[in-house]
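Chain by chain, the residues run as shown.
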Amino acid sequence: MVKSLIAYFSHSGNTEVIASMIKENVGGDLFKIETVEKYPSNYNDVVNVARKEQDADSRPELARKVENMDFYDVIYIGFPNWWGTIPMGVFTFFESYDFSDKTIIPFCTHEGSGMGRSERDIKKLCPKSNVLRGLPIRGSSVHGAEKEVSCWLQR
């Protein structure tokens, strides 16, 4: 039996909505990726912090870890597209575990930039994994995305 983990980083709650839809469709365990240092709630402020983290290639410390990553075969990974890729805390997440021989299925929320270069970056971080094509969902459309998510999962 395939064991799935749905790990997600969600600043505004949009990515969490999609993660919950995935869980409803495929089962598995949910894991919220959270950084020790909280991000500002104001959109412009968080965008500025995200840019500074990316420019510095920083790895924010995570608040908690997945207890038994070896247990999982498939990792759904969700995040908002920040500056064209995954948030730096998600880089920390990927660098915290061995994803060899696992299937990684990314999904992101965005407001026009789609997946950006996130799939390439994940493949670089996890070269011994099978990284599948991701699902980009506009953040403003998450609450009506059930059919889109379901169709994507069936593919």
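Residues numbered from 1 in each chain as written. Predicted model: local features only at pLDDT ≥ 70, side-chain atom pairs only at ≥ 80, totals over all residues. Heavy atoms only, no water.

Caption draft 1: Up close: the overall build of the protein chain. From N to C terminus, the protein chain includes five helices and six strands. In sequence order, the secondary structure elements of the protein chain are arranged as β-α-β-α-β-α-β-α-β-β-α. Relative to the 2.2 N^0.38 estimate, which gives 15 Å for 155 residues, the radius of gyration of the protein chain is 14 Å and therefore close to what a compact globule would have. Counting only contacts in the protein chain whose residues sit at least 6 apart along the sequence, the fraction spanning at least 24 positions is 78%. Between the centroid of the 19 positive side chains of the protein chain and the centroid of its 21 negative side chains there is a distance of 5 Å. (Helix = DSSP H or I, 4+ residues; strand = E, 2+ residues; numbered from the N terminus. Rg over C-alpha atoms; globule rule 2.2 N^0.38 Å. Contact = heavy atoms within 4.5 Å. Lys, Arg positive; Asp, Glu negative; His and termini not counted. Charge placed at Lys NZ, Arg CZ, Asp CG, Glu CD.)

Caption draft 2: Spotlight on helix H2 (residues 43–56). The end-to-end C-alpha distance of H2 is 20 Å, a good match for the 20 Å that 14 residues give at a rise of 1.5 Å each. Listed in full, the buried residues belonging to H2 are Val46, Ala50, Glu53 and Gln54. Each buried residue of H2 lies within a common arc of 95 degrees when the element is viewed along its axis, so the set occupies one face. Residues of H2 that are exposed and point over 90 degrees away from its buried face: Asn44, Lys52, Asp55 and Ala56. Considering only its buried residues, H2 is in contact with helix H3 (88–95). Positioned one or two residues after H2, Asp57 has a phi angle of 50 degrees, which is positive. (Expected span 1.5 Å × (residues − 1). Buried < 20%, exposed > 50% of the residue type's maximum accessible area, 1.4 Å probe, protein only. Arc of directions from axis to C-beta.)

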